[in-house]
Amino acid sequence: GIDVGLYPQTLILTDPENTKWQGMTAHSITLNFEITRAENRWLEPPKVYDSYIGFPLRSQATSKFGQVIYLYSATENGIYKTEAPGSVGTYFVKAKVVESKNYTELVSSPMQFSILAEEVVGISLEASPKKTEYFSFDKLELEGIVVKAIYNSSREEILENHRLNIIYNNGDTLRMG
């Protein structure tokens, strides 16, 4: 067997005329083979990372036996549920492996994490197609400049339908539109 339990195994002498069990006259002997419940442990200790609203939560852990699940709570000593939070705030998570008949349960200590609001921290402008040099003339026209939002989550997003055209005539005020 492969599960926890006591398994009797019978050993039979193949040549009983020339061999004997020490201290016995029988041609066969039955021994009990026991598989005991394994003590589970973390192979990769549980970790959690802050995340941004709308992004998947990032937790990681690996156990010797069983599948790791994550349980979430609004407070450290609160009720933990499998439903992940989805709004901005500070929360707690535990990594857990449910016990089975073959291995013990694992539950991590509560780990604090935050779900943060994603905010624009910068805007970049890129010419389309990209040019690395511009020369000064009496008149400068740049069309199709792409506007890109840069967020505190390191995500960048091209803002569709937000293209700039820049027209500059020598002596004029720079116009953007």
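In what follows, the structure referred to is the one given above.
Residues numbered from 1 in each chain as written. Predicted model: local features only at pLDDT ≥ 70, side-chain atom pairs only at ≥ 80, totals over all residues. Heavy atoms only, no water.

Some points on the overall build of the chain
To keep it simple, the criterion reads: Put simply, DSSP H or I for four residues or longer makes a helix, DSSP E for two residues or longer makes a strand, and each gets a number counted from the N terminus. Think of it in three bands: with a 1.4 Å probe and only protein chains considered, a residue is buried below 20% of the maximum accessible area for its type, exposed above 50%, and partly exposed in between. Only the protein chains shown count as cover for residues, with accessible areas throughout obtained via the Shrake-Rupley method and a probe of 1.4 Å.
Summing up its helical and strand segments, the chain has 0 helices and 13 strands in all. Ordered by position from the N terminus, the helices and strands of the chain form the series β-β-β-β-β-β-β-β-β-β-β-β-β. Residues counted as buried form 24% of the 177 residues belonging to the chain. In the structure as shown, the chain presents an accessible area of about 12700 Å², 52% of it carried by carbon and sulfur atoms.

With respect to unusual backbone geometry
Of note, serine 154 is a non-glycine position whose phi angle comes to about 75°, a positive value. By the element assignment, serine 154 lies in the loop between strand E11 (139–151) and strand E12 (156–169).

A closer look at the packing of aromatic side chains
As a reminder, the rule being used: Pairing of aromatic side chains here covers Phe, Tyr and the six-membered ring of Trp, requires ring centres within 6.5 Å, and sorts the geometry by plane angle: under 30 degrees stacked, over 60 edge-to-face, intermediate tilted. Look at NZ for Lys and CZ for Arg. If either is within 6 Å of the ring centre and within 35 degrees of the ring normal, a charge sits over the ring.
Tallied over the entire structure, the rule returns 4 aromatic pairs. With a centroid separation of 5.9 Å and an interplanar angle of 35°, the aromatic rings of tyrosine 91 and phenylalanine 113 are classed as tilted. With tyrosine 91 in strand E7 (residues 89–97) and phenylalanine 113 in strand E9 (residues 111–116), this residue pair connects regions lying 22 residues apart in the sequence. Taken as a pair, tyrosine 91 and phenylalanine 113 share a single burial class, namely buried. Through a chain of ring-to-ring contacts, three or more aromatic side chains come together here, namely Tyr72, Tyr91 and Phe113. Looking at arginine 58, its charged tip hangs above the ring of tyrosine 49, at a distance of 4.4 Å from the centre. It is arginine 155 that lies over the ring of tyrosine 151; its NZ or CZ is 4.1 Å from the centre.

A closer look at the pattern of salt bridges
It is possible for side chains of opposite charge to pair when their charged atoms get near one another. Rule in force here: Each salt bridge in this description consists of a side-chain nitrogen of Lys or Arg and a carboxyl oxygen of Asp or Glu lying within 4 Å of one another.
Overall, the coordinates contain 6 salt bridges when judged by the stated rule. Residues arginine 37 and glutamate 99 are paired through a salt bridge, measuring 2.8 Å at the closest nitrogen-oxygen approach. Pair noted here: arginine 37 is in the loop between strand E2 (28–35) and strand E3 (42–49) and glutamate 99 is in the loop between E7 and strand E8 (106–107), with a separation of 62 residues, a long-range link. Note on arginine 37: relative accessible area 39%, which makes it partly exposed. You can call glutamate 99 partly exposed: its relative accessible area is 45%. Between arginine 155 and glutamate 157 there is a salt bridge, and its shortest N-O distance comes to 3.7 Å.

Concerning a nonpolar patch on the surface
Put simply, the test is: Here the term patch refers to residues with relative accessible area over 30% and no salt bridge, with like charges joined within 9 Å and nonpolar side chains (Val, Leu, Ile, Met, Phe, Trp, Tyr) within 5 Å.
On the surface, a nonpolar cluster with roughly 280 Å² of combined accessible area is contributed by Val120, Ile123 and Leu125. Looking at where isoleucine 123 falls in the secondary structure, it is placed in strand E10 (residues 120–126).

Structural notes on the pairing of E9
Put simply, the rule reads: When DSSP finds at least two bridges between two strands, those strands are taken to pair.
The sheet contact formed by strand E4 (residues 51–52) and E9 spans 2 bridges and is parallel. Bridging across to E9, serine 51 finds its partner in isoleucine 115. Bridge count between E7 and E9: 5 bridges; the pairing is antiparallel. If you follow tyrosine 91 over to E9, its bridge partner there is phenylalanine 113.

Structural notes on the environment of isoleucine 150
Tracing the backbone through its elements, the reader meets isoleucine 150 in strand E11. Relative accessible area serves as the criterion here: at 26%, isoleucine 150 is assigned to the partly exposed category. Here the alpha-carbon distance between isoleucine 150 and valine 121, two residues 29 residues apart in the chain, equals 5.8 Å.

Considering the nonpolar core
Defined as follows: Nonpolar core, defined: a set of buried Ala, Val, Leu, Ile, Met, Phe, Trp, Tyr and Cys residues in which side-chain atoms within 4.5 Å join the residues together.
In terms of nonpolar packing, the biggest core is built from 14 residues, with Val68, Tyr70, Val93 and Phe113 touching the most fellow members. Mapped onto this core, the elements with two or more residues apiece are strand E6 (69–73), E7 and E9. For this core, the element with the most residues is E7, which contributes 4 residues.

Re the side chain of serine 51
Worth spelling out the cut-off: Any pair of nitrogen or oxygen atoms within 3.5 Å is treated as a polar contact; in protein, a donor-acceptor pairing is required on top of that, and neighbouring residues in sequence qualify only through side-chain atoms on both sides.
With respect to the element layout, serine 51 can be found in strand E4. Assessed through its relative accessible area of 4%, serine 51 is described here as buried. A polar contact is formed between the side chain of serine 51 and the backbone oxygen of proline 56, at a distance of 3.2 Å.

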